[in-house]
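# Reading the structure
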Amino acid sequence: MAFDVHDIREQFPILNQKVHGKPLVYFDNAATAQKPIAVIKAISDYYLNYNANVHRGVHTLSQRATDAMESVREQVRAHLNAAEAAEIIFTRGITDSINAIAYGLSNTVQKGQNVVITAMEHHSNIVPWQMLCERTGAELRHLPMDEHGELILDRLEVVIDQNTAIVAFNHISNTLGTINPVQKIISQAKKVGAWTLVDGAQSGPHTIVDVQSWDVDFFTLSSHKMYGPTGLGILYGKRERLEAIAPYQGGGEMISTVTLEKSTYAGLPHKFEAGTPHVEGIIGFGAALKFINEIGIESISAHEQSLLEYATKQCSGIKGFRVIGNSKNKASVLSFVIDGVHPYDLGVLLDQQGIAVRTGQHCTQPIMDAFCIEGTVRASFAMYNTFEEIDSFISGLKKAVSMLL
Amino acid sequence: MATIQEKQQILIEEFAFFDEWMDKYNHIIEMGKSLPMLPENKKNNDLLVPGCQSKVWLHAEQHEDKIIFSADADAIIAKGIVAMLIDVFSNQPAQEVAAAELKFLEDIGLKDHLSPTRANGLMSMVKQMKYYALAFSA
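Please read all numbers here as calculations on a predicted model, not as lab measurements.

Before going further, it helps to examine the sheet that holds strand 3 (residues 92-93) of chain B. All names here are of chain B. Ordered in space as 1-2-3, the three strands form an open sheet in which the pairing is antiparallel. At either margin of the open sheet sits one strand with a lone partner, and together these are strand 1 (56-63) and strand 3. As paired elements, strand 1 and strand 2 (residues 66-73) share eight bridges and run antiparallel to each other. If you follow Glu61 over to strand 2, its bridge partner there is Ile68.

What follows is about the pairing of strand 11 (residues 255-258) of chain A. Residues and elements named next belong to chain A. Across three bridges, strand 11 lies against strand 12 (residues 263-265) in antiparallel orientation. Along strand 12, the bridge assignment pairs Val258 with Ser263. In sequence, strand 11 turns back onto strand 12 through a hairpin of four residues.

Quick look at the environment of Thr312 of chain A now. All names here are of chain A. By secondary structure assignment, the location of Thr312 is in helix 11 (residues 297-315). A C-alpha to C-alpha distance of 9.7 Å links Thr312 and Ser335, two positions 23 residues apart in sequence. The residues contacting Thr312, other than those within four sequence positions of it, are Val323 and Leu334. Looking at Thr312, its side chain comes within polar contact range of the main-chain oxygen of Leu308, at 2.6 Å.

Turning next to the sheet that holds strand 13 (residues 321-323) of chain A. Residue and element names in this part refer to chain A. With antiparallel pairing, four strands are arranged side by side in an open sheet as 13-14-17-16. Both edges of this open sheet fall to strand 13 and strand 16 (358-360), since each of them pairs with a single strand only. Here the strands of the sheet are splayed against their neighbours by 30° on average, with no regard to which way each runs. Of the strand pairs in this sheet, strand 16 and strand 17 (residues 376-380) are connected by three bridges, and their pairing is antiparallel. The residue bridging Gly360 from the neighbouring strand is Thr376, located in strand 17. Sheet contacts for helix 11: strand 13 and strand 14 (333-338); angle to strand 14, the most-contacted strand, approximately 10°.

So, how was this worked out
Residues numbered from 1 in each chain as written. Chains lettered and ligands numbered in written order. Predicted model: local features only at pLDDT ≥ 70, side-chain atom pairs only at ≥ 80, totals over all residues. Heavy atoms only, no water. Pairing = 2+ DSSP bridges. Helix = DSSP H or I, 4+ residues; strand = E, 2+ residues; numbered from the N terminus. Contact = heavy atoms within 4.5 Å. Polar contact = N/O pair within 3.5 Å; in protein donor to acceptor, adjacent residues only side chain to side chain. Axes fitted to C-alpha atoms, helices over the stretch in contact; angles between N-to-C directions.

Set out below in structure tokens:
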């Protein structure tokens, strides 16, 4: 099927509106993507026709809801090429996924060991590891980056050593757009016997990930960044790893037997899914995955790349414009500053012209410190964005700058 | 010397002149640009107004029975907003500042027009000015 952005836009009714009297230009996709009709329909269909709690009921609706949810687990397994569906855990989001692993390692990681992250992580892939290190006495290290926003791979063998327990890093930086060389990092971790976790927040909507060919231990995705509902994350873990670590939440669904004295845990994936799951979210995410795969991630990514190139080129003509993050290998995130102008002011004036961008630190304060800036303006593109929208953005940006300088 | 009430009325009339919000913002920006800068040594963390998305430094001193405000911000729109507040509140009796009702923010629509986080930032500035005024009128 040929990629037609106008057909795609029709699937996203929210885009067809005016903000402050101007047509909405939504460029905050790295924060959250809009939802196609298929996703909204799947959710309402669930509530209209087969809402029931899953896994417990013998009645028909419960069985239908359970089947729908479990078929999404299988869909995700296939999408990531995991070995088995039980390795796919439904969480509340990426933050929840990472916390589950960091907590689960509390009894295995010891003083004298270290945990490695990178200089370009989202706070959600920094703080849980700081907490793990505080609990265990392990050391938190990071792989540094250069002025282009690329990881300094020469340092890999120094930072990741025999005492490294786990290496946790993002596939694509939400602030810089940098696509990190996942396999190189994983291979160094393997050499020293360290575990690996890859944060796929920004890669989910743009790239195909094969967890078996990566040979990664844990991988996590966010539904709402992939055109699905909020409140749902995916945690992939290799069976042997998930079996080796402790669950971090106790409750219903995750147990095998419970007495008042002691409980035994259920097998995978339920061991990590305490409480009633986010059934509508899971069903909606299934519809989102189907939607993405019907269009094709390669076509989506190619379209986004041409938007990024066009936007970068058009912006470079603006006086004082400076891209933050110009890695050779980059996803559709354009983070920038304009000399003499505060990002917040640009954000306000773009909003007045109907253009939604993100301003600030993007939950990555260490990156701002590294570049010695207060924050950036970030425009991030999705499958439904157009070249005409970039033209509106550029003229809106020029107008804002002329008012501010 | 115009009173707080009269100052507010002047601002309301100025803003009524613009139909488009971009023009109103332009006016706020111009006010921000014309507010004298605080010297760098005065921009210390003690003067930062908490709860603003950008950095806003607010300084107050007493001159006879009047309170004199000066301020700066790293973002120009925030600076324009604090400039409006200074226009209304500065060089007024501290007791009147502490007791004043601010109606111009609603009248010119600024409060509704800002996002909730930014409106909170605006209210923090007002609160901070009133704290100073209360302290000085005690």
